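Here is how the chains run, residue by residue.
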Amino acid sequence: MRLRYSPTSPFARKVRVAAAYLGFDLELELADTGNESDTLMAQNPLGKLPVLLGEPVGPLFDSPVILEWLDHKAGSGRILPAEPHARFAALRLEALADGIMDAALLVVYENRFRPEPVRYSPWIERQQVKVYRALDILETQSATLPADVTVGTISLACALDYVELRLGAGWREGRPALVAWLAAFAERCPRFAESAPT
Ligand SMILES: N[C@@H](CCC(=O)N[C@@H](CS)C(=O)NCC(=O)O)C(=O)O
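So, here's what we can say about the structure.

About the cut-offs
Residues numbered from 1 in each chain as written. Predicted model: local features only at pLDDT ≥ 70, side-chain atom pairs only at ≥ 80, totals over all residues. Heavy atoms only, no water. Helix = DSSP H or I, 4+ residues; strand = E, 2+ residues; numbered from the N terminus. Buried < 20%, exposed > 50% of the residue type's maximum accessible area, 1.4 Å probe, protein only. Contact = heavy atoms within 4.5 Å. Areas by Shrake-Rupley, 256 points an atom, 1.4 Å probe, with all protein chains shown as cover. Lys, Arg positive; Asp, Glu negative; His and termini not counted. Charge placed at Lys NZ, Arg CZ, Asp CG, Glu CD. Salt bridge = Lys/Arg side-chain N within 4 Å of Asp/Glu carboxyl O.

Here we take up the overall build of the protein. Secondary structure assignment for the protein yields eight helices and three strands. Scanning the protein from its N terminus toward the C terminus, one meets helices and strands in the order β-α-β-α-β-α-α-α-α-α-α. Each principal axis of the C-alpha distribution contributes one length, and for the protein these read about 45 × 45 × 30 Å. Taking all 198 residues of the protein together, the buried fraction comes to 43%. Across the protein, the fraction of contacts at a sequence separation of at least 24, relative to all contacts at a separation of at least 6, is 65%. Accessible surface computed for the protein: about 10100 Å², of which carbon and sulfur atoms make up 55%. Taking the average location of the 21 positive side-chain charges in the protein and that of its 25 negative ones, the two points are 2 Å from each other.

Quick look at the structure:
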């Protein structure tokens, strides 16, 4: 299995953590989303990474689909529970975490791709509100956050680290339960720390 990735991509990190946790070897291959002649564009016409290659189902994107495939390949029910309540709780948490990453990424892109004079700060603030509102909700629910390694918890851990990387460590203030949850997850899933952005 080969993964088109970038070292800082939180979506690619989800796949790296899941694959390692499930015992799969993953060959990592950098992709340049800004280069229209990168073969990534043929593998995923949306020009986004991660993309998983080398599997009989063809190039796979995006990250929830790849994680579902890895779970299937591992025999099912390993990171995506079969029981409906647990399954949809995990998928819902994954969707929320992915949304946090999407919003943080939009902040990054606004700053990266728009020249400073035309940057629109209300748009940046709007994305930041989404991130911190989601984190506040998670903080209030942290007593019920699952302790096991699922598509949801892998995604949440990647999202929290990405928020820290891009928006700074301020998210930790006033959210002690979420901070403790992340530390506990990192201990439970050593593969998470190994894939930290360098
Ligand atoms: N929903 C996608 C999001 C993937 C995504 O946004 N990846 C970013 C890198 S972290 C990307 O490829 N951006 C390039 C672009 O949007 O052109 C997933 O879960 O895989």
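Glancing now at the pattern of salt bridges. Under the counting rule described, the total for this entry stands at twelve salt bridges. Here Arg4 and Asp38 are joined by a salt bridge, their closest N and O atoms 2.9 Å apart. A residue pair is termed long-range when its members are at least 10 positions apart, and Arg4 in strand E1 (residues 2–5) and Asp38 in the loop between strand E2 (27–30) and helix H2 (40–43) qualify at 34 residues. With a relative accessible area of 2%, Arg4 lands in the buried category. Between Glu194 and Arg191 there is a salt bridge, with its nearest N and O atoms 3.2 Å apart. Pair noted here: Glu194 and Arg191 are both in helix H8 (residues 190–194), with a separation of three residues, about one helical turn. Taking the relative accessible area as the measure of exposure, Glu194 reaches 55% and is therefore exposed. Residue Arg191 is classed as partly exposed on the basis of its relative accessible area of 36%. A network of salt bridges, in which partner residues are shared, links Arg2, Arg4, Glu29 and Asp38.

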